[in-house]
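A closer look at the structure
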Amino acid sequence: MIKASDFGPNFTWGVATAAPQIEGAASQYGKGPSIWDTFASRSGKIKNNHQPDRACDFYHRYREDLALVKLLGFKVFRFSIAWSRILPNGIGATNQQGISFYHQVIDECLALQITPYITLYHWDLPQALENDGGWTSFSINAAFNAFVKLCALEYGDKVKNWLILNEPFGFTSLGYMLGVHAPGKTGLSNFFPAVLHTALAQADGGHILRSEVKNANIGTTYSCSEILPYTQSDNDLLAAKRVDCLMNRLFVEPAQGLGFPTADWEMLEKFQMEYGTWRFNNRMKFDFDFIGLQSYFPLTVKYNPFIPVIQAWEVKAKSRKKPHTAMGWEVNADSFYNIIKQFSSYPQVKNIVITENGAAYRDHLATGNVVDAERIKYFELYLAALLKVKNEGINVTGYMVWTLMDNFEWAEGYNARFGLIHTDFATLKRTIKYSGYWWQEFLRA
Ligand code: NOJ
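Cut-offs applied
Residues numbered from 1 in each chain as written. Predicted model: local features only at pLDDT ≥ 70, side-chain atom pairs only at ≥ 80, totals over all residues. Heavy atoms only, no water. Helix = DSSP H or I, 4+ residues; strand = E, 2+ residues; numbered from the N terminus. Buried < 20%, exposed > 50% of the residue type's maximum accessible area, 1.4 Å probe, protein only. Polar contact = N/O pair within 3.5 Å; in protein donor to acceptor, adjacent residues only side chain to side chain. Contact = heavy atoms within 4.5 Å. Salt bridge = Lys/Arg side-chain N within 4 Å of Asp/Glu carboxyl O. Axes fitted to C-alpha atoms, helices over the stretch in contact; angles between N-to-C directions. Left-handed = near helix turned anticlockwise from the far one by under 90°. Nonpolar A, V, L, I, M, F, W, Y, C, P; charged D, E, K, R; others polar.

This part is about the side chain of glutamate 330. Looking at the element boundaries, glutamate 330 is found in the loop between β9 (312–314) and α13 (333–344). Residue glutamate 330 is classed as buried on the basis of its relative accessible area, which comes to 6%. Of the polar contacts made by the side chain of glutamate 330, one reaches the side chain of arginine 320; its length is 2.7 Å. Polar contacts involving the side chain of glutamate 330 include one to the side chain of asparagine 332, which spans 3.1 Å. Apart from residues lying up to four places away in sequence, glutamate 330 is in contact with Tyr296, Phe297, Pro298, Thr300, Ala317, Arg320, Lys322, Pro323, His324 and Tyr382.

What follows is the structure, given as structure tokens:
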């Protein structure tokens, strides 16, 4: 049986969350609306029309929830700051109540000897900034930088571990190209400028923290998936390469001063020419202390000329009769191992932390217990792969479970349950799942 001590005494074990998914109090205590509040109320794109306005009510229950983090034995709590809670319009006037709230969360962590990791941006852009174009607009960078500086000055004495962005490819593609996430924009004319401004924000944020926070440990996170061609045909191999450029390389390479991966896909070459992105190669560079990887599944892709731009198509795990979670995501720990190796092969990547990993299943609360054997199996497989990669000398120094408790899973609403703790969304009662107890044992040993 694998146990935490196999990873050595300095390995960091944590649990990750995000403000819009857990906090609730979405229009209370001076918080301004975020793009997720607006999108959920207007778009009709959230399953069952679920709303994030109350979520897990972490805003009022953070003490109880942090006590659960402690009880399960995690040493790190990762959470994000809702930008519009501390700056209701995204820029300008601050909201003292919002600023104090995060001080309270941090103080509670410290009192419990839990190390806080702050994610600065986990997808909930202030609606006021979206009204000016959001990530597509060049003005977003000044607003973001002011937000980062405010957070650094407020919390930098107490918090040393920072993540600039959560999954930049996730929010730019889902929110500004496919329109299935907030703010619901579509097309390359939104996606490309959003990508450029996001890559700038990633590095600018790093520089600001470096100058404002003494002894900061600065990272940012990337979603990543091993991309597997469906066959070894040239068409499928090229399709896999294009998807890899987009899903894995788009943001990590500019941070290393490599610019966007234009050489491997002419579409990105077009992007570079149209937006003059090469002019920013230097500014997009930042020497991160660590990179956060968030990997759940591999993708098998096949050439498909009918899909605009990318000309690739996912061959789903279900149709290939592969094990998968309730999200339809393939369970494949070998791919987890491979993608960590892929990222570790960049010479500038010094240190990797798995900042999210976990699985959604159709949990049932039977006689007061949630017996989620599939989730436990998932963790066993993925942790074994992680240990293997670590034992090969790859500098992986931490792992965070996604997520503490079932919460607002974006366009899936409350239907997708990733938590180690079951949330009853009618009563808000928390019940530790068997996987939560499994983690408690794992961390003890
Ligand atoms: C990615 C995101 O960072 C997080 O917010 C989301 O809930 C999980 N992965 C699962 O989809």
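That shown, we press on.
This part covers the pattern of salt bridges. Charged atoms that come close allow side chains of opposite charge to pair. In the structure shown here, the tally under the stated rule is 27 salt bridges. Salt-bridge contacts for glutamate 108 lead to arginine 63; the nearest nitrogen and oxygen are separated by 3.3 Å. Residue glutamate 108 is found in helix α5 (residues 96–111), and its partner arginine 63 is found in helix α3 (residues 58–72); the two are separated by 45 residues along the sequence. We note a salt bridge from arginine 320 to glutamate 330, for which the minimum N-O separation is 2.7 Å. Here the residue arginine 320 occupies a position in the loop between β9 and α13, and glutamate 330 occupies one in the loop between β9 and α13, the gap between them amounting to ten residues.

This next bit is on the packing of α13 against helix α14 (residues 373–391). Working note: a packed helix pair is described by the angle between its axes plus the distance between those axes. For the pair α13 and α14, interaxial distance at closest approach is 8 Å and the crossing angle is 35°. Pair α13 / α14 crosses with right-handed handedness. Residues Ala333, Phe336, Tyr337, Ile340 and Lys341 of α13 pack against Leu381, Tyr382, Ala385, Leu386, Lys388 and Val389 of α14. Classifying every residue of the contact of α13 with α14 gives nine nonpolar, no polar and two charged.

Distances and angles like these do not, on their own, reveal function.
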